[in-house]
Each structure stands twice: as structure tokens, then as C-alpha cells.
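Structural description and commentary
One-letter residues, chain by chain:
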Amino acid sequence: MSTPSLLILAGDGIGPEVMGEVKKIIAWFDDKRGLKFDISEDLVGGAAYDAHGTPLTDETMAKAQEVDAVLLGAVGGPAYDDLDFSVKPERGLLRLRKEMDLFANLRPAQCFDALADFSSLKPELISGLDIMIVRELTSGVYFGEPRGIFEENGERVGLNTQRYTESEIDRVARAAFELARKRNNRLCSMEKANVMESGILWREVVTKIGAEDYPDVELSHMYADNGAMQLVRNPKQFDVIVTDNLFGDILSDVAAMLTGSLGMLPSASLGVPMANGMPKAMYEPVHGSAPDITGQGKANPSATILSFAMALRYSYGQGAEADRLEAAVEKVLADGTRTADLMQKGEGTPASTTEMGDAIVAALTASL
Ligand code: IPM
Ligand code: MG
């Protein structure tokens, strides 16, 4: 078997800083566990725009199609706010998702015991929380045509189209049902079937798949607005949630904040299986490029490190090593090492990005 490949796209803002810590983790797995990776690095987002005038070159896109997995840091920043829409940093990310056909975006929202007090909700509502949001990632209003800004009756009109085909709903629903089976066997599908035809179709397709192929999975449906409310009211009622691209964008931010810190949450975006049977995949933290703290050594590298753990599990067939890495992050938190985002004001001196990374490496070594 050839050495598994990984393309690192650190991107903008805190992306390169947090990726530096992931590289230490990768080096540890090479050194101590004999896991070799064929690593390449490239630019995405504003960094790619600065170098090449585009947020993602065709060469980088082609490389992403070839590797076993892509690990992305973050894209965007105020320096790029005024760029034309077609070359904004986010377009690079969206092109990767679309052209790699990464239709199933897995966003776990898990509460680490050591951080239960950190949520804006009461600890009893979120301690032990473990939700998986499966967001459709390659269709819906993010990509639907027609779109644009047009002139009509002497004024401008902004237009986007929410559009879902049966097969697009079918494949993401199946991914969610499969995950539910591996977890607590409950799936809640969210749409707005009360106002949107795409929601009516979504509900029909999900219901049919559930009845025909997953009768063992307990399926429920919610309107997405109620779902947002229920996530804040009583999040532990959920196991797996499946929803469309735009609702998933919003609901996953809500779910993320329940856990206390965006700085802790990884994600996996999975597509169809490649020749080796593993899905095409890109891994990225849920947080953004955090321009307000860029270059200050304050960023929490955990979400990107945990994204690499998801890569170990879903792309490299190393579930036990993924467990080891997740346990190491949990141990560091339990021992009290915290980056600034995990501390209340006046709570002491926060760990820097590199200190957090070093602590996780030390916890890995202690796990041997
Ligand atoms: C996300 C982000 C992206 C999205 C942006 C950066 C394009 O918010 O991954 O949730 O809207 O999908
Ligand atoms: Mg988002």
C-alpha cells in the first residue's frame, strides 16, 4: 500500500498558526506510532489570492482531487472584504466542496466535561452533550441557479435559488441514517416544509428512505426554526440531525456555541468512495480565520487537531489512534490547560497556541 497522502491548506488568519500545531501532532504519530503521511502544502483563500489572484488555483484543485484527504485551516479576513465576489476567499472553500462533491458535512457538537461550566447554558443542560449535525454541503441555496444581482423595473434585485433534487437529498439522508446506526439510532431531519417546496420534498424523501431501509432508526422531523429553539432549550434530546446547506450552516453554529467554544469543534466533509474504498474528504475546524487574534499566539489549535483526528478515523482507517488523539485533547482540558477562548475574564494566564499544542503532544506521549 502506498503512503497515505494529505494536502494541508492552512489558509488565512489563524489558519497557519493552528496548522503549525497539527504538524507537531502528525510528526508525533510518525515518530511514535509509525504512521507515515505523504504531506503536501498549498495556498487557499486570501493567501492564494495574494499569490495568484485567485482563491484556489486549478493546480491546487487538481491536487485536492488526488489526495486521500485535505486538511484546511480557515479562509477570509478583512483585507479581502472588498474583493469582487468571484475571487473572495470563501469561493476557494466552496469550490473545493463542490468540485470534490463533498456532500455530507459532519459537525459534531460535543461537550467536554471540563468545559461544561463554560457554556452559556446551564451545565446540566449540556454536560454529556454529544450531537452530530449532518449538513448537506454541495447544493441548496449556496449553489442553486439562477443567482445574481439583476436590474428590474429600475431597481436592483438580489436572487438566490434553493434547489434540491431527490438524489441529493437521498445521499445525504443515507449518510445520516448510517451515522445514527453507529450512534444512538435517532435521527431528526430539519427543513421548512411549512413554507418551502424543497422542504416538502426533503421530508418526503427522508421519510421514504427511513421506512424502507432504516426502520430500526427512530426518525423525527422538525421545522428548522423550531429545531434552533429546541437546540437551545434542550439539546440533549438530539442524537443525529440532518439538514440542508443553509439551515445546517446556522444550526451548526448554534450547536457549536452550546458546547462552550467554537475553538474545540472539528468537522469532516465526505463525498463518494474513491478507488481505495475511503470517501473523498476534507477536514476543517468549524471556526473561522479569527482576524481579531491573528498572529498573537492566542488561537486554540484544538479544533484543527481534532479535525485531523477525524481524518485518522474516516480517511486513514486509524480509529484507535483517533480515539487516542481525542482522549489526549480531553486530558489536557481536564488538567486545566486552556487557551484564552476557554477562560473567563480574570481567570489567570491562558496557554498560547504552541503551549496548547505542546500539552497535547505531551498527553499523547503519556498515553503510550
Ligand atoms: C462554514 C462557513 C462557510 C459557509 C463560509 C466561510 C463560506 O460559515 O463552513 O460554516 O457558509 O459554509
Ligand atoms: Mg458557517
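Reading the values: the criteria
- Residues numbered from 1 in each chain as written.
- Chains lettered and ligands numbered in written order.
- Predicted model: local features only at pLDDT ≥ 70, side-chain atom pairs only at ≥ 80, totals over all residues.
- Heavy atoms only, no water.
- Helix = DSSP H or I, 4+ residues; strand = E, 2+ residues; numbered from the N terminus.
- Buried < 20%, exposed > 50% of the residue type's maximum accessible area, 1.4 Å probe, protein only.
- Polar contact = N/O pair within 3.5 Å; in protein donor to acceptor, adjacent residues only side chain to side chain.
- Contact = heavy atoms within 4.5 Å.
- Expected span 1.5 Å × (residues − 1).
- Arc of directions from axis to C-beta.
- Domains from an automatic or database assignment.
- Buried area = accessible area lost by both parts, 1.4 Å probe.
- Salt bridge = Lys/Arg side-chain N within 4 Å of Asp/Glu carboxyl O.
- Nonpolar A, V, L, I, M, F, W, Y, C, P; charged D, E, K, R; others polar.

Before going further, it helps to spend a moment on the side chain of Ser315. Along the chain, Ser315 turns up in the loop between α10 (302-314) and α11 (319-334). For Ser315, a relative accessible area of 5% translates into the label buried. In terms of polar contacts, Ser315 uses its side chain to reach the side chain of Tyr283, at 2.7 Å. Beyond its immediate stretch of four places on either side in the chain, Ser315 contacts Asp68, Ala69, Met278, Pro279, Ala281, Tyr283 and Met310.

The general pattern is negative phi for most residues beyond glycine and trans for most peptide bonds. Cis geometry marks the peptide bond from Glu145 to Pro146, where omega comes out at 0°. Along the polypeptide, Pro146 turns up in the loop between β5 (130-136) and β6 (148-152). Phi at Asn153 is positive, roughly 50°, even though this residue is not glycine. Residue position: Asn153 is located in the loop between β6 and β7 (155-159). Owing to a relative accessible area of 77%, Asn153 belongs among the exposed residues under this scheme. Positive phi, close to 65°, is recorded for Asn185, a residue that is not glycine. Within the element layout of this structure, Asn185 appears in the loop between α6 (166-182) and β8 (186-191).

Another aspect to go through is α6. The terminal C-alpha atoms of α6, which comprises 17 residues, lie 25 Å apart, in line with the 24 Å expected from a rise of 1.5 Å per residue. Regarding α6, the residues found buried are Glu168, Ile169, Val172, Ala173, Ala176, Phe177, Leu179 and Ala180. Buried positions in α6, seen along its axis, are confined to an arc of 160° and lie on one side of it. Projecting away from the buried face of α6 at angles above 90 degrees are the exposed residues Glu166 and Lys182.

Partitioning the chain into structural domains gives domain 1 (1-107 + 261-368) and domain 2 (130-258). Opposite the 18 residues of domain 1 that make contact, domain 2 presents 19 residues. Buried area between domain 1 and domain 2, both sides added, is near 1,700 Å², and the carbon and sulfur share of it is 61%. The interface formed by domain 1 and domain 2 contains one salt bridge. A salt bridge links Arg171 to Asp101, with the nearest nitrogen and oxygen atoms 2.7 Å apart. Elements supplying a minimum of two residues to the side of domain 1 that touches domain 2: α4 (89-99) and β4 (104-110). Looking at the side of domain 1 that touches domain 2 residue by residue, the classes come out as ten nonpolar, three polar and five charged.

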